[in-house]
Structure formats: structure tokens, C-alpha cells
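Inside the fold
One-letter residues, chain by chain:
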Amino acid sequence: MITKIEDYGYDGEGVGKVNGKVCFVPFTIIGEKIEFDVVKENSTFIKGKLSKVIEKASERSLPRCEYFGRCGGCAYQHLSYENELDIKRMLLLRQLKKAGFAGQIEVIASPQEYNYRNKVRVFVGHDGVGYKERESSNICSISHCEIAESMISSALSYINEYIKNNKLQNIIDSIVIRCEGENGLINFFVKKENVCNYQGIYLVLGENWGIFETCKDKTYHKLGIKELQTSESGLKLEYNVCSFHQVNRYIEKMLYQKVIESVSEKSVVNCYSGAGLLSVLLAKAGKNVEAIELGETEHSEAERLKDKNNIKNLKNHQGDCQIVLPKLDCKDKTIIVDPPRNGMSKGVSTTLNECEARQIIYISCNSASLVRDINLLKNYKLKKVYLFDMFARTGEYECLCLLSPIID
């Protein structure tokens with residue numbers, strides 16, 4: 001099929017029309033005439049795979065990665081980084097108009113558009129490890145990743161060789177690799193316990209690596225170091241192989257600094273607080289902080305981070321936000337919410353509408369659930385929006401939204 005690209009879709013894919021049906025074709029640019037193969041079709045739309053660019057846009061550039069277009073990780077390597085940021089700004093503004101926002105979006109670019117990810121998850125196929133193809137369970141085997149830190153890319157080639165030589169394709173399902181400084185951790189997700197001998201891969205990688213194995217949701221340390229240690233903003237930090245932390249430390253610092261700058265109130269409630277880094281940074285900045293996190297592991301990490309840095313003006317609550325938040329005094333405070341991709345529960349939205357907070361700061365990686373939740377906050381108005389490009393070259397990004405009470 002042939003179409004002309006006239007717009008961009010939610011994930012940055014090009015949008016055209018064929019016989020009255022809307023077509024979504026990734027890796028295309030407005031103004032291009034393209035040929036594509038049909039991947040999925042129903043009565044209203046078609047999803048396609050680019051086969052040929054008949055008329056190229058002037059903005060089209062040569063991708064840095066040899067796997068681009070097959071690998072489902074990156075979305076914008078066919079464009080300059082400046083073009084990518086313009087598209088992301090446009091798409092976010094389009095979404096936020098559904099919540100009545102007509103202001104400007106301030107875009108904060110990643111200081112590094114490549115080699116920034118400190119954590120990746122790759123999957124194991126018959127031909128080696130790699131990322132899943134876009135909207136497919138097929139695996140695009142890779143020997144390196146251009147957006148991952150170089151230490152991770154170097155480890156990928158050794159892991160590939162280890163799996164192939166030991167014929168572990170049907171034993172290992174996926175692998176998480178994370179690094180900090182000169183140290184790294186690898187977690188092998190396996191279908192059967194105690195089948196893999198990791199001595200060989202450990203000897204190749206070196207003593208600055210730690211090897212873990214996860215089977216049926218239980219994780220075991222096998223060899224090497226047990227955690228990653230670093231310092232940030234004067235804090236002592238420790239990451240284990242299961243910890244959640246932002247994958248782009250460069251943007252993470254900028255995002256959290258903007259949050260701190262945006263809080264003028266003395267007291268803060270931090271909902272969905274995770275492993276506690278933002279909570280501790282706020283407390284270190286002189287705020288009295290109450291943090292809420294459902295996960296037991298994350299809560300334990302937050303407590304350890306608090307104790308390790310001798311933070312006294314922080315209280316971590318372990319529990320569901322919709323149960324804990326109504327029990328706290330939130331009047332005239334700043335409430336921070338950083339929920340998972342599916343957004344806040346209605347119980348949290350109801351509490352926020354009734355709690356008379358001075359300000360709500362909403363951090364989101366999913367503009368669809370963000371818009372839904374903002375529309376539920378009837379007593380607040382969206383005042384300021386920042387787009388932090390946490391996931392450069394991919395279709396994802398992080399939003400920071402400041403909301404103030406509507407005064408009758």
C-alpha cells in the first residue's frame with residue numbers, strides 16, 4: 001500500500017490514509033510518500049510496516065543503530081534529536097488540550113541522547129539476546145545497544161556467547177543488566193532453578209559484576225557483588241538488582257531538582273514514593289516529608305536510605321495510597337504523585353479533591369493516564385508543564401505537571 005504521511009500518532013508513528021482508513025506507520029515523517037506492508041487491519045484503521053520511502057522528507061537522517069527499524073526500542077533515530085523533541089512537545093500538548101491546558105510546555109532535553117540508559121531488559125531467542133520487535137513477540141537479536149551505557153553494551157556480547165555456548169536458550173527467558181560507575185549487576189530470569197552455571201560468565205565479566213538468578217518471583221544472589229553504591233547530591237545510595245530507579249541519571253537529577261524548586265511549602269506528602277530518593281532529597285532540602293509506598297521491598301529500601309543518610313524529617317508509610325492518604329493532614333501542603341503507568345486510583349483522586357492541598361505536583365510517564373487523572377481533579381487547574389526527555393530516541397518521556405487549587 002502507498003500513502004502520504006500527514007500527521008503523527010500517539011507513539012510518534014506517521015499517520016496517513018488509504019481508502020478512508022487511517023494508517024499508522026512507524027519510522028516515517030510528515031510530508032513523506034511511503035510504501036508499507038499491512039501488519040494489522042480492521043474496519044477503521046491499518047497498522048503498517050515501512051517497506052520503502054518513495055519521497056523523503058528533508059528532515060530524514062541516517063540512524064546511528066544498525067538494528068533501528070527492526071528493534072522495538074527506539075522510535076526516532078530517523079530524525080535529528082531536535083526534531084524528536086519538537087514532535088514529543090506537539091504530542092504532549094495535543095494530549096493536554098483534552099484537560100483544558102493551552103499554555104506552553106517547557107522541554108528539558110537529555111544531556112546525552114545516546115549511551116544514557118543504566119538499566120536494560122533483554123529477552124532470549126534462538127539467535128541470541130535482544131529486544132522485542134515493535135508490536136510483536138519476535139526478538140531482534142543484538143550485540144550492542146546504542147542508548148545503553150557502554151558497560152552494558154560490552155556485557156551483551158559476553159552474555160550472548162555464554163547463552164549460545166551453553167545452549168541455554170530454552171532455560172533463560174530474559175535478563176536485566178544495570179550498572180553504576182564501574183560496577184554492574186546481571187539478573188537472569190530462568191524457567192528452572194539451579195540449571196545454569198554462572199562461573200564462566202562471571203570470570204569473563206570480572207569481579208566488579210554481580211550475578212543473580214530469578215525463578216518464580218524469587219531472586220537469589222549467585223556470584224560477585226551484591227549491590228551498586230554511589231553518591232548523589234551528597235547522599236549515599238545503594239541499588240540492588242531489583243531496585244527501581246530512573247534509567248537516565250542525567251535527567252533524573254534535573255527532574256528532581258525542578259520538583260524541589262517548585263515546592264514553596266514547608267510540608268510535603270510524596271505518594272507512590274518508590275525507593276525513597278525523591279523523599280530524601282526533599283527532606284535534605286529542609287522539607288518535612290511524609291511518603292507513601294505500597295511495595296514492601298521499596299519501602300524497606302526507602303527506610304534504609306533514610307537511615308543511611310541520617311534523615312530525621314521524613315516518615316515513610318508502607319501501604320496503599322488510597323488508604324493511607326486520607327489519614328494524613330494534607331491541608332496547605334504540597335502533594336506529589338508519581339503513579340505507575342496506569343495512573344492514580346479513583347480513591348486517590350477523590351482524596352486529592354477534598355484535602356485542600358496548596359499544590360499538586362504530578363509526575364507521569366504516560367500522558368493518557370495523566371490527562372484522565374487531571375480531568376478527575378476538578379478542584380485544581382493545570383498551571384505549568386515540563387517535558388523531561390528521560391527516554392531519548394524512544395517514544396517515551398516524563399512529564400512534570402504543577403496544579404493549583406481553583407479559587408471560586
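Residues numbered from 1 in each chain as written. Predicted model: local features only at pLDDT ≥ 70, side-chain atom pairs only at ≥ 80, totals over all residues. Heavy atoms only, no water.

1. Thoughts on the overall build of the protein chain
Each helix and strand in the protein chain was counted, giving 9 helices and 23 strands. Against the compact-globule benchmark of 22 Å for 408 residues, the protein chain has a radius of gyration of 23 Å, which places it among compact chains. Each principal axis of the C-alpha atoms in the protein chain carries an extent, and together these give about 60 × 55 × 35 Å. In the protein chain, which comprises 408 residues, the share counted as buried stands at 53%. Taking as baseline every contact in the protein chain between residues at least 6 positions apart, the subset at least 24 positions apart corresponds to 61%. Of the accessible surface of the protein chain, which amounts to about 18900 Å², a share of 47% is contributed by carbon and sulfur atoms. (Helix = DSSP H or I, 4+ residues; strand = E, 2+ residues; numbered from the N terminus. Rg over C-alpha atoms; globule rule 2.2 N^0.38 Å. Buried < 20%, exposed > 50% of the residue type's maximum accessible area, 1.4 Å probe, protein only. Contact = heavy atoms within 4.5 Å. Areas by Shrake-Rupley, 256 points an atom, 1.4 Å probe, with all protein chains shown as cover.)

2. Thoughts on the nonpolar core
Counting residues in hydrophobic clusters, the biggest one holds 117 residues, and the most contacted among them are Leu96, Ile159, Ile172, Ile175, Phe188 and Leu352. When residues of this core are assigned to their parent elements, the largest contribution, 7 residues, is made by helix α2 (residues 150-165). With sequence-adjacent residues up to four places away left out, phenylalanine 188 is seen in contact with Ile159, Tyr162, Ile172, Ser174, Ile175, Tyr198, Ile211, Phe212, Glu213 and Thr214. (Core = buried A, V, L, I, M, F, W, Y, C linked by side-chain atoms within 4.5 Å.)

3. A short note on the pairing of strand β22 (residues 380-388)
Two strands pair when backbone bridges link them, and strand β7 (residues 105-108) and β22 are joined in this way by 4 bridges, in the parallel orientation. For isoleucine 105, the partnering residue across the bridge sits in β22 and is valine 385. Sheet analysis places β22 next to strand β23 (residues 398-405), joined by 8 bridges and oriented antiparallel. Bridge pairing in β23 links lysine 381 to serine 404. (Pairing = 2+ DSSP bridges.)

4. Overview of the sheet that holds strand β14 (residues 218-224)
Pairing within the open sheet is mixed, and its 7 strands lie in the order β10-β9-β8-β11-β12-β13-β14. Both edges of this open sheet fall to β10 (139-141) and β14, since each of them pairs with a single strand only. Taking the axes of each pair of neighbouring strands and ignoring which way they run, one obtains an average angle of 35 degrees across the sheet. As paired strands, strand β12 (residues 183-190) and strand β13 (residues 209-215) are joined by 6 bridges and run parallel to one another. When the bridges of β13 are listed, glycine 184 appears paired with tryptophan 209. Each of β8 (119-125), β9 (128-132), β11 (172-180), β12 and β13 touches α2; the most contacted strand, β11, lies at about 150 degrees to it. (Axes fitted to C-alpha atoms, helices over the stretch in contact; angles between N-to-C directions.)

5. A few points about the environment of proline 326
With respect to the secondary-structure elements, proline 326 resides in the loop between α7 (321-324) and β20 (334-337). With 25 residues separating them in the primary sequence, proline 326 and threonine 351 have C-alpha atoms 6.0 Å apart. Dropping the residues within four chain positions of it, proline 326 is found in contact with Cys321 and Thr351.

6. Notes on the environment of valine 25
Turning to its location among the elements, valine 25 is positioned in strand β4 (residues 21-25). Separated by 21 residues in the primary sequence, valine 25 and isoleucine 46 place their C-alpha atoms 8.6 Å from one another. In this view, valine 25 contacts Glu13, Gly14, Ile34, Phe36, Gly48, Lys49 and Leu50; residues no more than four positions away in its chain are not counted.

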